[in-house]
Amino acid sequence: MMQTDSKPQQPPQTTHRYDGVAKVTGKAKYAAEFTEPFAKSELLYAFIVQSTIPAGTVKTMDTKRAEHATGVVAVLTPFNAPKLSVGPPQPPARRSLTVLQDTNVSYNGQPIGVVIAKSLPEARYAAKLIETTYDEQPAKLDFMGRLGEARSPKSSGREPAKQLKTEADSAFSGAAVTVENTYVTPIQVHNPMEPHATTAWWDGEKLNVYDTTQYITGTKMSLARALNIAQDNIRVQCPFVGGGFGCKGSTWSHVVLAAMSAKIVGKPVKLVLERDQMFGPVGYRPTTVNKIRLAADLQGKLSLIQQDVTMNASVLEDFAERSDSPARKLYASKTIATSINMVDVNYSVGTFMRAPGEASGTAVLEIAMDELAEKLKMDPVQLRLVNYAERDPTEDKPWSSKHLRECYTQAAERFGWSKRNAMPGQTTEGNKLIGYGMATATYPANRSAAQAVARYLPNGRVFIGSGTQDLGTGMYTVMAQTVAANLGIDPMQVDVKLGDSLLPRAPVSGGSQSTASVGPAVDAACTQLKLKVAALAITDPKSVLHGAADNDVDVNNGKVFLKSDSSKSEPVVALLARNGAKPVEAQGSAEPGEERTATSQQSFGAVFAEVAVDKSTHMVQVRRVAATYDIGTLVNNQTGMNQLHGGITWGVSFALHEEAVVDQTYGRMVNESLAEYHVPVNADIGTMDVTVLNIPDTKFSPLGARGIGEIGITGAMAAIANAIYNATGKRVRHYPITPDKIMLA
Amino acid sequence: MNPFAYQRAEAPSDAIKALSVSGSKFLGGGTNLVDLMRYGVETPTTLVDINHVGLNLVQASAQGAKIGALVRNSDLANHPAIVANYPLLSHALLSGASPQLRNRATTGGNLMQRTRCYYFMDTAFPACNKRKPGSGCAAVKGFNRIHAILGQGDEGPSSPHTCIATNPSDMNVALYALNASVDVEGPNGKRTIAVREFHRLPQGKPEQDTNLQPDELIVGVSLPASKFSRNSWYLKARDRQSYAFALVSVAAGLEMDGNTIRSAGLALGGVAHKPWYSPEAEHELLGKPATEATFQRAANAALAGAKAYEHNTFKVELAKQCVVRALNLASKGVQA
């Protein structure tokens with residue numbers, strides 16, 4: 001089926017990075033860095049006390065030594081903390097909070113107390129002085145040993161695949177070529193560079209927080225609910241976020257504990273999680289065990305894609321990561337049967353982590369596809385083309401826009417895929433084995449309702465505000481750029497404000513939706529602003545445009561003018577100066593319409609990787625990655641490419657490095673530091689050749705941009721895994737692919 | 001971090017005197033000690049800052065080299081005499097940590113570096129004989145991928161003698177292959193300890209990493225005249241390309257006479273409570289031709305008696321492959 005999208009067009013680019021100077025000069029302030037508006041000397045420091053058992057109840061907490069330690073102001077425990085009406089987990093980011101309301105312990109590392117002191121070292125030391133006794137109960141810790149206990153997710157999700165079981169079995173047994181294997185992804189922890197941090201202070205009944213979050217409105221709602229106060233009495237500010245990746249998409253216990261602490265001591269309180277405290281209490285990507293069955297005819301045409309996922313849940317709460325999603329979107333197949341099941345363990349609660357579902361899903365499915373291609377003696381790209389999904393294969397809808405074929409062609413060409421030796425283990429360079437691998441990338445296009453406010457200022461500058469967040473992704477820049485494009489001004493003339501709950505509401509910065517959601521709202525606010533400026537000119541007797549027809553007046557490049565005779569114009573600043581020198585303000589909002597249900601909106605890409613594997617150390621070097629993405633319009637070359645490069649880097653991390661290991665006796669994560677929990681260093685990242693098709697998806701949104709924050713991860717790990725196989729002839733189906741696994745495979 | 005007193009020593013004698021106060025520890029680069037204090041693993045009552053006592057020179061001659069205890073890892077690795085005469089040491093140093101850490105970390109401190117055993121580094125784990133003598137060992141039945149396969153003390157998880165921790169240093173492995181010695185000074189004067197005798201196996205006292213006495217200061221490291229300046233290799237197998245501790249590392253030095261091995265120095269890292277020096281492996285090399293078969297025999301000898309655990313069985317084979325590879329590379333020259 002031919003696509004009928006509009007022709008590719010390059011949006012006006014800008015080299016202006018709105019927050020660049022502030023960031024590189026240290027002037028950008030993060031949640032833990034504010035010492036205003038309160039007096040700095042008033043600020044107290046809170047430190048979380050955590051459980052050291054995985055299951056049971058706290059029997060006693062002897063806090064005497066802690067309370068008498070130098071600098072300590074207060075110690076909160078389940079035995080003296082104020083009672084809150086926390087209630088059940090609240091959408092949109094459902095999280096069970098553990099805020100000292102009972103003595104239950106559900107995982108090792110759970111918050112069970114807070115020490116508030118005049119300095120951080122004093123608080124940290126006093127926390128060590130608390131002597132806690134427990135009534136221990138047997139803990140469920142061995143996830144892999146409990147796969148037989150798997151159950152359906154508690155929340156209603158997709159239809160269980162059980163009804164397709166017979167169909168799947170018959171497709172499998174009758175097929176000419178099949179693949180059936182189990183693939184495992186580990187627990188991964190987000191570890192943004194900036195740890196979770198909340199600074200809270202009360203002004204009478206009004207609560208103020210600086211919180212590092214992907215969702216200021218979510219923080220506000222959760223605090224209102226937990227503390228039983230009106231949302232209007234809460235202000236959340238978050239001008240900068242030093243990385244979120246999903247763990248800052250929910251409000252976790254420490255945020256409420258910071259607010260509670262501030263209330264009790266009657267002073268501003270800062271609570272920053274230590275690096276090791278980031279391993280558990282603020283979420284992680286759950287571990288998944290994926291049974292995959294593929295069945296195809298001799299031409300490679302799929303008749304079955306089956307993926308049964310078993311993942312860990314916390315005894316506290318379900319978080320089901322839909323790692324079966326790619327299996328439902330990537331390829332056409334007569335039968336597509338997927339399921340998700342959960343195993344309860346005494347771990348903390350899992351959460352969204354960059355490309356939740358699609359990261360793990362493509363990591364496993366795309367290895368299986370490589371195995372199928374090998375069995376068919378077919379080029380892996382060809383196998384994917386044979387099974388190209390012209391329509392959404394499970395929802396039977398057309399795509400809003402899909403150009404994956406071009407991605408395969410372009411990336412393969414740039415990579416030099418034709419030079420690949422299909423026989424594994426054949427290409428060597430000295431002591432190294434060289435291999436090529438590829439995989440498909442995909443991520444859904446999300447969009448939510450958002451609002452923005454725009455003001456033309458008397459000095460000619462334009463203010464734009466929206467209650468969104470910038471995770472380091474470039475939201476400031478994109479907002480300035482969108483305003484500049486709409487109003488025909490230099491982006492340097494735009495003042496951007498975000499990350500303040502007093503601003504018009506915007507959605508969570510998650511699901512790669514911020515540009516797609518906030519961009520149209522900003523655009524709409526600017527369009528409304530132009531109408532207001534035009535109206536002001538039309539009604540101003542001193543304006544050359546006085547009395548002109550509404551639809552004949554426009555605003556561009558700092559001028560208001562007559563469309564039918566552009567010689568009739570005046571500077572906006574002159575117009576405003578005559579009219580009280582006050583700003584002109586307009587609100588704008590945008591939300592997805594019916595097109596959201598008429599089509600399926602999904603981004604795609606093709607990733608190719610070259611690895612070198614040392615024959616003696618079995619260490620893997622990812623030498624090159626070439627990838628091409630179909631992500632609609634690329635709004636900003638710099639920030640966009642940054643995100644894609646960062647995503648692929650994360651793919652290397654997923655493929656080779658990341659794993660949080662839970663001790664099976666104590667239930668604690670053992671490698672809770674960045675020395676022991678590995679992410680790539682510069683030396684692990686080879687060259688990257690990233691391109692985008694830049695074809696606007698106007699059925700998705702007026703901007704045509706589908707969001708790029710997450711797709712870069714997807715596919716990359718399988719491309720690397722498949723390259724390792726091509727290099728060594730060893731198929732590792734358990735991430736991360738570390739040297740020992742390659743040696744033993 | 002516990003409250004502690006800080007005292008700055010101006011000379012080695014000051015430092016040794018200051019250490020007589022119970023609970024005192026020397027502060028060098030602080031790259032390991034300060035982390036462990038923050039975790040509550042180390043709780044010194046006084047830190048004696050030895051950064052200003054001198055001991056920061058490298059003196060090299062045809063007879064050998066003397067390295068001051070306070071020489072930073074970066075300075076040592078890049079010292080022209082070390083690069084020329086002891087490339088094995090230089091490469092081992094540069095394969096460790098990160099540039100920032102190497103700029104701080106000292107020679108003496110690297111010798112004293114403590115294990116990265118997860119159960120040692122986190123006080124929330126109740127069992128660790130090294131951290132809390134007599135409490136048992138959580139690693140034996142825990143996640144023991146990074147743990148020892150040689151020379152470990154293992155009398156079961158609840159025994160006070162059990163410890164399967166490894167020494168994490170890269171520098172130490174090279175010093176073992178180079179047969180260095182450690183010069184120390186205490187209230188009773190100076191003495192020299194062969195580096196191969198400096199670190200301990202757990203041997204009933206896992207809490208004690210070294211044979212340094214509690215009142216002694218490391219003043220330097222001495223290297224004998226270089227025999228391996230033309231043929232040596234430091235090979236490190238690890239989970240990422242940089243800033244990762246060794247799964248297994250090998251320091252190999254060869255003195256070649258044509259294709260015949262005249263003498264050899266061979267030590268392994270990541271496999272034991274101390275760098276693993278194997279006289280048996282060395283014996284397999286002496287007077288033999290530098291062939292794959294010779295190297296394989298040396299590898300087998302070095303790993304004889306290895307005992308692995310649930311998560312580190314791979315180390316035995318990986319260590320053998322790395323020994324063979326390191327010897328092979330060493331026989332051909334030195335690292336660039």
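Treat the numbers as computed from the prediction; the structure is a model and nothing was measured.

With that out of the way, let us pick up the overall build of chain A. Scanning chain A from N- to C-terminus turns up 17 helices and 28 strands. The principal-axis extents of the C-alpha atoms in chain A amount to approximately 80 × 75 × 55 Å. Put simply, chain A has 745 residues, and 62% of those count as buried. Restricting the contact set of chain A to residue pairs at least 6 apart, pairs at least 24 apart contribute 79%. As displayed, chain A has an accessible area near 27000 Å², and 51% of this comes from carbon and sulfur atoms. Within chain A, the 73 negative side-chain charges are centred at a point lying 1 Å from the centre of the 75 positive side-chain charges.

So, about the overall build of chain B. A tally of helices and strands in chain B yields 13 helices and 12 strands. Computed over C-alpha atoms, the radius of gyration of chain B comes to 19 Å, within 12% of the 20 Å expected from 2.2 N^0.38 for 336 residues, which places it in the range of a compact globule. Projecting the C-alpha coordinates of chain B onto the three principal axes gives extents of approximately 60 × 50 × 35 Å. Counting across all 336 residues of chain B, residues that qualify as buried make up 61%. At a minimum sequence separation of 6, the contacts of chain B that also span at least 24 residues come to 64%. By element, 51% of the accessible surface of chain B is carried by carbon and sulfur atoms, the whole surface being about 12700 Å². Chain B carries 34 positive and 26 negative side-chain charges, and their two centres are separated by 3 Å.

Turning our eyes to something else, we now look at the packing of helix H12 (residues 292–302) of chain B against helix H13 (residues 314–332) of chain B. Residues and elements named next belong to chain B. The interhelical angle for the contact between H12 and H13, taken along N-to-C directions, is 135°, at an axis separation of 8 Å. By the angle between their directions, the pair H12 and H13 is classed as oblique. In the packing of H12 onto H13, the handedness of the crossing is right-handed. Contact residues: Glu 292, Phe 295, Gln 296, Ala 298, Ala 299 and Asn 300 in H12; Lys 320, Val 323, Val 324, Leu 327, Asn 328 and Ser 331 in H13. Per-class residue counts for the contact of H12 with H13 are 6 nonpolar, 4 polar and 2 charged.

Below, the discussion takes up the interface of chain B and chain A. By a widespread convention, an interface's size corresponds to the accessible area lost as its parts come together. Counting residues at the interface gives 39 residues for chain B, matched by 37 residues for chain A. Contact between chain B and chain A buries roughly 3200 Å² in total, counting both sides, with carbon and sulfur atoms accounting for 61%. Between chain B and chain A we count 3 salt bridges in total. Ionic pairing is found between Arg668(A) and Asp122(B), a salt bridge with its closest N-O pair at 2.7 Å. Summed over the shared surface of chain B and chain A, the result is 12 residue pairs in polar contact (both at pLDDT 80 or more). If you tally residues by element for the side of chain B that touches chain A, the top one is H13(B), at 6 residues. Taken together, the residues of the side of chain B that touches chain A sort by class into 21 nonpolar, 7 polar and 11 charged.

Its 13 residues give helix H16 (residues 716–728) of chain A an end-to-end C-alpha distance of 18 Å, which sits within 8% of 18 Å, the value for a rise of 1.5 Å per residue. Looking one or two residues beyond H16(A), the residue adopting positive phi is Gly729(A), at roughly 75°.

It is worth spelling out the sheet that holds strand E27 (residues 620–630) of chain A at this point. Residues and elements named next belong to chain A. The sheet built from 5 strands is open, its strands ordered E17-E18-E26-E27-E28 with mixed pairing. Each edge of the sheet is formed by a strand with only one pairing partner; in this case those strands are strand E17 (428–429) and strand E28 (685–692). Helix H15 (residues 637–656) contacts E27 and E28 of the sheet and is inclined by roughly 135° relative to E28. Lying on the sheet, H16 is in contact with strand E18 (432–444), strand E26 (602–614) and E27; it crosses E18 at an angle near 155°.

All names here are of chain A. For E27, the buried fraction is high: 8 of the 11 residues fall into the buried class. As defined by bridge partners, E26 adjoins E27 across 10 bridges and the pair is classed as antiparallel. Looking across to E27, one finds that Ala 612 is bridged to Gln 621. Once E26 ends, the chain turns through 5 residues before running back antiparallel as E27, passing His 618 with a positive phi of about 65°.

Note that side chains of opposite charge can pair when their charged atoms are close. This structure, assessed with the given rule, holds 51 salt bridges over all chains. Here Glu395(A) ties to Lys397(A) by a salt bridge, and the two come within 3.3 Å at their closest N and O atoms. For Glu676(A), the salt bridge goes to Arg116(B), with nearest N and O atoms at 2.8 Å. Taken together, the residues span two chains, with Glu676(A) in the loop between H15 and E28 and Arg116(B) in the loop between helix H7 (107–111) and helix H8 (118–121). For the pair Glu676(A) and Arg116(B), a shared accessibility class is recorded, and that class is buried. Connected through shared salt-bridge partners, Lys25(B), Glu42(B), Arg114(B), Lys130(B) and Asp209(B) make up one network.

Before going further, it helps to examine unusual backbone geometry. Residue and element names in this part refer to chain A. Residue Glu 36 is joined to Pro 37 through a cis peptide bond whose omega torsion reads 0°. Residue position: Pro 37 is located in the loop between helix H1 (20–24) and strand E1 (44–50). With an omega dihedral of -5°, the bond running from Tyr 735 to Pro 736 counts as a cis peptide bond. You can see Pro 736 is positioned in the loop between H16 and helix H17 (739–744). One non-glycine residue, Ala 581, lies in the positive phi region at around 50°. Examined against the element boundaries, Ala 581 turns out to sit in the loop between helix H13 (572–578) and strand E25 (584–590). Phi at His 618 takes a positive value of approximately 65°, unusual for a residue other than glycine. Here His 618 is to be found in the loop between E26 and E27. Exposure remark for His 618: the relative accessible area of 8% places this residue in the buried category.

All names here are of chain A. The strand order across the open sheet built from 3 strands is E22-E23-E24, with neighbouring strands paired in antiparallel fashion. For this open sheet the edge positions go to strand E22 (553–556) and strand E24 (565–571), each flanked by a neighbour on one side alone. The average undirected angle you get between the axes of adjacent strands in this sheet is 30°. Along the sheet, helix H12 (residues 514–539) contacts E22 and strand E23 (559–562); its crossing angle with E22, the most-contacted strand, is approximately 120°.

Right, let's get into H13(B). All names here are of chain B. Over its 19 residues, H13 extends 27 Å from the first C-alpha to the last, a length consistent with the 27 Å expected when each residue adds 1.5 Å. When you tally the buried positions in H13, you get 14 out of 19 residues, the bulk of the element. Looking one or two residues past H13, Gly 333 carries a phi angle of roughly 155°, positive in sign.

For the rest of this paragraph, the subject is the confidence of the model for chain A. The predicted model of chain A has a mean per-residue pLDDT of 94, with 96% of residues at 70 or higher. Confidence over residues 1–9 of chain A falls short of pLDDT 50; this stretch has 21 contacts with residues more than four positions distant or in other chains.

So, on to the side chain of Ser401(A). Mapped onto the fold, Ser401(A) is located in the loop between strand E16 (397–398) and helix H10 (404–415). Within the local environment of Ser401(A), its side chain forms a polar contact with the side chain of His403(A), the two groups lying 3.4 Å apart.

What counts and how
Residues numbered from 1 in each chain as written. Chains lettered and ligands numbered in written order. Predicted model: local features only at pLDDT ≥ 70, side-chain atom pairs only at ≥ 80, totals over all residues. Heavy atoms only, no water. Helix = DSSP H or I, 4+ residues; strand = E, 2+ residues; numbered from the N terminus. Buried < 20%, exposed > 50% of the residue type's maximum accessible area, 1.4 Å probe, protein only. Contact = heavy atoms within 4.5 Å. Areas by Shrake-Rupley, 256 points an atom, 1.4 Å probe, with all protein chains shown as cover. Lys, Arg positive; Asp, Glu negative; His and termini not counted. Charge placed at Lys NZ, Arg CZ, Asp CG, Glu CD. Rg over C-alpha atoms; globule rule 2.2 N^0.38 Å. Axes fitted to C-alpha atoms, helices over the stretch in contact; angles between N-to-C directions. Parallel < 35°, antiparallel > 145°, perpendicular 65-115°, else oblique. Left-handed = near helix turned anticlockwise from the far one by under 90°. Nonpolar A, V, L, I, M, F, W, Y, C, P; charged D, E, K, R; others polar. Buried area = accessible area lost by both parts, 1.4 Å probe. Salt bridge = Lys/Arg side-chain N within 4 Å of Asp/Glu carboxyl O. Polar contact = N/O pair within 3.5 Å; in protein donor to acceptor, adjacent residues only side chain to side chain. Expected span 1.5 Å × (residues − 1). Pairing = 2+ DSSP bridges. pLDDT = per-residue confidence, 0-100.

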